[in-house]
Amino acid sequence: MAIRAMGPSGQYETGLDAAGVALPELLAPAGGLDQMLAAIAAGADAIYAGLGGFNARVSAHGFTDDEFARGCAVAHAHGVRVYVTLNVFVFDDELSDAVALGAHALELGADALIVADAGLACALRTAIPGVEIHLSTQAGVHSEGAVRLAADELGVERVTTARELAVDEIAALCATGVPIEVFCHGAICIGYSGACEFSALRRGRSAMRGDCTQPCRLAYDLVDEAGESVVSVEGDRLLCPRDYLGIAHLPELVGAGVASLKIEGRMKNPDYVFNVVRVWRRALDMLRDGAWGAAAVSVLERELGRSFNRGFTDAYLRGRSGAELMSFERAINQGVRVGRLVAVGHEEVTVELDAAVAAGDTLEIRFYPGADARPDVPKRWPQVPCPVDAAAGERVVVHCKRKVDAGCEVYLIRSAGMLEQTATALKRMRVEADAVVPVARAVEILPFEGAVTVDDVPEAALAEPTEKGASARMVFAWQLMDADPCGERDLSDATVVLDEVCRAADAPRTRSLMRRAGRVVCRNLGQVAMARELGVAFDVAAPVFCANRVTLAWLRRLGAGRVYLPAELVADDAERVAELAACPGVLGAVDADRPELMVCEHCLLTSEGACATDVTGQVRCRDCSRRQQARFLVERDGTRLPVVVDACGRTRIFLS
């Protein structure tokens, strides 16, 4: 997919990078019409937005039908595509409404639909022939097998991958020939998308339904069995990651062949969308024109820091997931450093700048009171207005009534110039939006009832594994990493519940388990593809999320025997899934005895301090002594949640 740059005529022009490689689409978020217009003005190639209640950001401002239609008309006039998110999991009684909403979005001007629920994808494909469907990151695609399965069995035209993947993993997925969309900028969920029931099971609001309470942004302690804190880092946001920043890896991502670079932020303000999109637009144009370099990256990163961020990280793209990923101190805007205090006077301070500031900018002084400070000393850092325009190297005097010390770093957290530029662009774009006359498309909806037929499951598909004088047992693959490190144990009398994650490095171990187990429970589409390839008996469980009979029918057609319902459905939506639960082979949660709240690539034990390394300097999670000790994540109300880190360094948090 080629990039489009705005040419002298005002129309977008396709372009290649300096090596002649087609550059990816730049995909921008829009939580409302102003954000949509800001994205268009800033140079987005495509926009994704929610419409109605079936999307993963139900609390976003959203659009009226007229606003969305006008936004689509303006977008198309600028050569920009529009995608609508229907990326939640839906119940049987909602399928018709979800399909109707998808059709309505297309009538208003949407070009494609982003979907996470396999049943909804099947229903949309049946009801709206020719509809373009993109698979959401909520579907949990981590491997080549999952990409091919999604393309071949769901017919999706594009797959959005997990944020946790490194550049070489992304390249392998692109090599399948299926267009791959990757996140390039913005907030990160610390848990694997689609594999987190924390909000649902602890707060009664489901991330899978677009209503996440963001428990990862809250304060926690990590304690041992005796209840003593083991945290050694500064801060208590133990589950709060920094924001994704992939701009330094842009040439690698382009070389990998990604189809689309996705900016997170459907809850963000128009000025955020405008600034982040225009900086990424500039980056792509620089790469196209052969003007890329380390100095350019530094400038671009600083410009991105002028918009809301929790600090930046590229750890995942580099194959890392330790403490460098995290924003332990705070879960709110970090801004960008612009200088330090060199003098402190009476109700004023002098700032020596290492970056330009403007009159009206909001500056934040990072002052740490110290352990001996009085209890009434405010915990929040002072925020002060910048009185004048000033360049890097200059000094400015700023009014500050709070006690601070010389040497404190100063950060810009709100750019007056950015707000003004956004307002100017929006004023121009609103005139254009008011002038357009949207033309509705005709979209016919065909019956999709045929997609919901759930055939009886053959008895062979439900048969227990071959038993050796004892009843079949169920074991979890992550536990076998320690119990069976060499992969030698006979598991023919067992059902092995595979991990929620199935990345390239996990494939050899997963194949070994499949060959040795009497039966496996697949928890990832990549594992389903692998089980079909090997011809082994398999069941499925969340994060292969089944909430409706169309999804169940699809899983049956793939060859699944039993289907385990997600814990959050059994806990909160038992009445709604009663008909589904009555189908042959449909069971309760696979982890009902110990519900899992979250699995994440990040090792929570890094909050205890730097990891030990071997003689080569490598971190060996398998040999980590911390993993052998009991650990609990403690919520503010005192609830202790058991924490387990497996031999790969992945963290699992369980319901107490």
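Residues numbered from 1 in each chain as written. Predicted model: local features only at pLDDT ≥ 70, side-chain atom pairs only at ≥ 80, totals over all residues. Heavy atoms only, no water.

(A) Molecular detail of the overall build of the protein. Helix and strand counts for the protein come out as 18 helices and 29 strands. For 656 residues, the compact-globule formula gives about 26 Å, and the C-alpha radius of gyration of the protein, at 26 Å, lands near that figure. Projected onto its principal axes, the C-alpha coordinates of the protein cover approximately 85 × 65 × 50 Å. Looking at the protein residue by residue over its 656 residues, the buried ones come to 58%. When contacts within the protein are restricted to residue pairs at least 6 apart in sequence, long-range pairs at least 24 apart make up 69% of them. For the protein, the accessible area works out to roughly 25,600 Å², and carbon and sulfur atoms hold 51% of it. (Helix = DSSP H or I, 4+ residues; strand = E, 2+ residues; numbered from the N terminus. Rg over C-alpha atoms; globule rule 2.2 N^0.38 Å. Buried < 20%, exposed > 50% of the residue type's maximum accessible area, 1.4 Å probe, protein only. Contact = heavy atoms within 4.5 Å. Areas by Shrake-Rupley, 256 points an atom, 1.4 Å probe, with all protein chains shown as cover.)

(B) Quick peek at the state of the cysteines. Tallying each qualifying case throughout the model produces 0 disulfides. Its sulfur unpaired, Cys522 is 8.6 Å from the next cysteine sulfur, which belongs to Cys502. By relative accessible area, Cys522 is classed as buried at 0%. For the unlinked cysteine Cys603, the closest cysteine sulfur is that of Cys611, found at 5.8 Å. (Disulfide = S-S within 2.5 Å.)

(C) Spotlight on the pairing of strand β5 (residues 81-86). In terms of burial, β5 is a largely internal element, 5 of the 6 residues being buried. Both strand β4 (residues 46-50) and β5 contribute to a ladder of 5 bridges, which runs parallel. Bridge pairing links Ala49 to Val84 in β5. Pairing of β5 with strand β6 (residues 112-115), which is carried by 4 bridges, proceeds in the parallel orientation. Bridge pairing links Val84 to Leu113 in β6. (Pairing = 2+ DSSP bridges.)

(D) Highlighting unusual backbone geometry. A cis amide bond links Ala542 with the next residue in sequence, Pro543, at an omega value of 15 degrees. Here the phi dihedral of Gln214 falls at roughly 55 degrees; this positive angle occurs in a residue that is not glycine. Within the secondary structure, Gln214 is located in the loop between α7 (198-203) and β10 (221-223). Despite not being glycine, Glu347 has its phi angle at roughly 55 degrees, a positive value.

(E) Focus on helix α10 (residues 294-304). Where α10 is concerned, the buried positions are Ala296, Val297, Leu300, Glu303 and Leu304. For α10, the buried positions fall inside an angular range of 125 degrees around the axis, keeping them on one side. Exposed residues on α10 whose side chains face more than 90 degrees from its buried face are Ala294 and Ala295. Turning to α10, the residues buried within the fold contact β9 (180-186), β11 (243-245), α9 (270-288) and β13 (312-313). (Arc of directions from axis to C-beta.)

(F) Region of interest: empty space enclosed by the protein. The tally for this structure, following the rule as stated, stands at 4 cavities of 30 Å³ or more. Roughly 190 Å³ of internal volume is contained in the largest cavity. In terms of lining, the largest cavity is formed by 22 residues, of which the most central are Ala139, Leu525, Pro543, Val544 and Phe545. In terms of residue count, the dominant contributor to the lining of the largest cavity is helix α16 (residues 549-558) (3 residues). Estimated volume of the second largest cavity: approximately 150 Å³. Residues that form the lining of the second largest cavity fall into these classes: 13 nonpolar, 1 polar and 5 charged. (1 Å grid on protein atoms, 1.4 Å probe; cavity = no way out; pocket = protein on both sides within 12 Å on 5 of 7 lines; lining within 4 Å. Points joined across faces, edges and corners; volume = space filled by probe spheres on them. Nonpolar A, V, L, I, M, F, W, Y, C, P; charged D, E, K, R; others polar.)

(G) Structural detail: the nonpolar core. Ranked by size, the top nonpolar core spans 173 residues in total, and within it Phe68, Trp280 and Val496 carry the most contacts. In this view, Trp280 contacts Leu26, Cys184, His185, Gly246, Ile247, Leu250, Leu261, Ile263 and Leu304; residues no more than four positions away in its chain are not counted. In terms of nonpolar packing, the next biggest core, distinct from the first, is built from 21 residues, Leu341, Val349, Phe367 and Ala390 among them. (Core = buried A, V, L, I, M, F, W, Y, C linked by side-chain atoms within 4.5 Å.)

(H) Geometry of the sheet that holds strand β29 (residues 651-654). Taken in spatial order, the 5 strands line up as β10-β27-β28-β29-β26 in an open sheet, and their pairing is antiparallel. Each having just a single partner strand, β10 and β26 (596-600) make up the two edges of the open sheet. Pairs of neighbouring strands in the sheet enclose a mean axial angle of 25 degrees, with direction left out of account. The pairing of β26 with β29 spans 4 bridges and is antiparallel. Each residue of the ladder has a partner; that of Cys600, found in β29, is Thr651. (Axes fitted to C-alpha atoms, helices over the stretch in contact; angles between N-to-C directions.)

(I) Seen up close, the pairing of strand β12 (residues 260-263). Residue alternation in β12 divides its side chains into two sets, Ser260 and Lys262 and Leu261 and Ile263, and both sets are buried. As defined by bridge partners, strand β3 (residues 25-30) adjoins β12 across 3 bridges and the pair is classed as parallel. Looking at β12, one finds that Leu26 is bridged to Leu261. Here β9 runs beside β12; their pairing, made up of 4 bridges, is parallel. Along β12, the bridge assignment pairs Val182 with Leu261.

(J) Structural detail: the side chain of Asp591. Take Asp591: it is sitting in the loop between β25 (586-587) and β26. Within the buried set, Asp591 has no salt-bridge partner at all; the shortest N-O distance to an opposite charge, 4.3 Å, is to Arg523. Once residues within four sequence positions are removed from consideration, Asp591 is found in contact with Phe476, Arg523, Ala567 and Glu596. (Lys, Arg positive; Asp, Glu negative; His and termini not counted. Salt bridge = Lys/Arg side-chain N within 4 Å of Asp/Glu carboxyl O.)

(K) Quick peek at the pattern of salt bridges. Inspection of the entire model under this criterion finds 56 salt bridges. A salt bridge links Arg237 to Asp236; the shortest N-O distance between them is 2.9 Å. Residue Asp236 is classed as partly exposed on the basis of its relative accessible area of 31%. Each of the salt bridges in this network shares a partner with another, and the network as a whole consists of Glu169, Asp499, Glu500, Arg503, Asp506, Arg509, Arg523, Glu596, Glu601, Asp646, Arg650 and Arg652.

(L) The arrangement of the layout of surface pockets in detail. In this structure, the largest pocket spans a volume of roughly 1,100 Å³. If you go around the largest pocket, you meet 44 residues; those closest to its centre are Ser321, Val619, Cys621, Cys648 and Gly649. Among the residues making up the lining of the largest pocket, the classes are represented as 17 nonpolar, 11 polar and 16 charged.

Coordinates in, geometry out; function isn't part of it.
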